[in-house]
Amino acid sequence: MTTTIPTLGYADLRGLMDLQLGDEKHAPSATSTLDVLWVLYDRILRIDPDRVDDPDRDRFLLSKGHGPMAYYAVLAAKGFIDVAALRTFGRYDSKLGHHPDRNLVPGIEISSGSLGHGLGIGVGIALGLRARRSSGRVFCLVGDAELDEGSNHEAIAFAGHVGLDNLVCVAVDNQSSSHGWPAGIAKRFALEGWSTATVDGRDHRALERAFTAEHRGRPHAVVAVVESKG
């Protein structure tokens, strides 16, 4: 897949998503993550499309399985993949599948889709980075419904116990959870020793402040609340 260096911004993202056709776009799920993804890639993540194998790069993990359409749009806008490839989304011969594949798409860290796997993987990566004293950080995006998975409870508890302050979990809350959380999602993380922030998931300044908040000695959870369901 040829990498280009486009001059594209946030205003172009909807058009980039429109290039991706098919019946399994999971558009509501994708659009609920769009602003979070853009702020991360535009303002926060230390990662370069020309150095996707830098050992000290930040890692972004898409654990929320449905809707990589927005993820592909952001990767294209930032030069990781060719914009023209978006038109192949979901085709049998395309590298852009309904779930992202780390072996096919530059810049993708994990092959995801099975709900509940991403945060546990993120904990493992963060532990490895800490062991070799790397400056790299791990940002894992999960959905509110995905937090019903028991594997996430274990990851949240363990990360808080060992103080993984190079780990940030971004929970996009579009009120699609079957069970929900008494007192809110942030409370679940806080009970396990995490630093937390709850913000409007469409407010770019609020997201940036939440992502850059000091949380020395603790992992950090950012709950991004959006209205659309998916």
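The structure we're discussing is the one just above.
Okay, so let's go over this structure. (Residues numbered from 1 in each chain as written. Predicted model: local features only at pLDDT ≥ 70, side-chain atom pairs only at ≥ 80, totals over all residues. Heavy atoms only, no water.)

**Notes on unusual backbone geometry**
- The backbone of R133 sits at a positive phi, close to 60°, despite the residue not being glycine.
- Counting through the fold element by element, R133 comes out in the loop between helix 5 (118-131) and strand 2 (138-143).
- Given the relative accessible area of 80%, R133 is considered exposed. (Helix = DSSP H or I, 4+ residues; strand = E, 2+ residues; numbered from the N terminus. Buried < 20%, exposed > 50% of the residue type's maximum accessible area, 1.4 Å probe, protein only.)

**Observations concerning the environment of I185**
- Among the secondary structure elements, I185 is positioned in helix 7 (residues 185-191).
- Counting along the chain gives 101 residues from I185 to A84, while the straight-line C-alpha distance between them is 38 Å.
- Ignoring anything within four residues of it in the chain, the contact list for I185 reads D144, L147, A171, D173 and V223. (Contact = heavy atoms within 4.5 Å.)

**Quick word on the pairing of strand 2**
- Counting buried positions over the 6 residues of strand 2 gives 6, a clear majority of the element.
- Along strand 2, one buried face is formed by V138, C140 and V142 and the opposite face, lined by F139, L141 and G143, is buried too.
- Relative to strand 2, strand 1 (residues 59-62) is paired through 4 bridges, and the arrangement is parallel. Paired with L62 across the bridge in strand 2 is L141. (Pairing = 2+ DSSP bridges.)

**Observations regarding the side chain of R57**
- If you trace the backbone, R57 turns up in the loop between helix 3 (34-44) and strand 1.
- Given a relative accessible area of 11%, R57 falls into the buried group.
- In contact with R57, not counting residues within four places along its chain, are R46, I47, V52, E109, G136 and R137.

**Focus: the pattern of salt bridges**
- Summed over the entire model, instances satisfying the criterion amount to 11 salt bridges.
- Among the salt bridges present, the one from R51 reaches D54, with a minimum N-O distance of 3.5 Å.
- The exposure class of D54 is partly exposed, given its relative accessible area of 22%.
- Among the salt bridges present, the one from E192 reaches R188, with a minimum N-O distance of 3.2 Å.
- What makes E192 partly exposed here is its relative accessible area of 28%.
- Residue classification places R188 among the buried residues on the basis of a relative accessible area of 14%. (Salt bridge = Lys/Arg side-chain N within 4 Å of Asp/Glu carboxyl O.)

**Focus: the packing of aromatic side chains**
- The full count for this structure, using the stated rule, is 8 aromatic pairs.
- Centroid distance F60 to Y71: 5.4 Å. Interplanar angle 65°. Geometry classified as edge-to-face. Taken together, the positions of F60 in strand 1 and Y71 in helix 4 (residues 68-77) put the pair 11 residues apart, joining distant regions of the chain. Note on accessibility: F60 and Y71 belong to one class, buried. (Phe/Tyr/Trp six-rings, centres within 6.5 Å; stacked < 30°, edge-to-face > 60°.)

**Side note on the packing of helix 3 against helix 8 (residues 204-211)**
- Relative to each other, helix 3 and helix 8 sit at 60°, their axes nearing to 10 Å. Taken together, the axis directions place helix 3 and helix 8 in an arrangement best described as oblique. As for how helix 3 packs across helix 8, the hand of that crossing is right-handed. On helix 8, the residues touching D35, V36, W38, V39, L40, R43 and I44 of helix 3 are H204, R205, L207, E208 and F211.
- For the contact of helix 3 with helix 8, the residue count by class is 7 nonpolar, 1 polar and 4 charged. (Axes fitted to C-alpha atoms, helices over the stretch in contact; angles between N-to-C directions. Parallel < 35°, antiparallel > 145°, perpendicular 65-115°, else oblique. Left-handed = near helix turned anticlockwise from the far one by under 90°. Nonpolar A, V, L, I, M, F, W, Y, C, P; charged D, E, K, R; others polar.)

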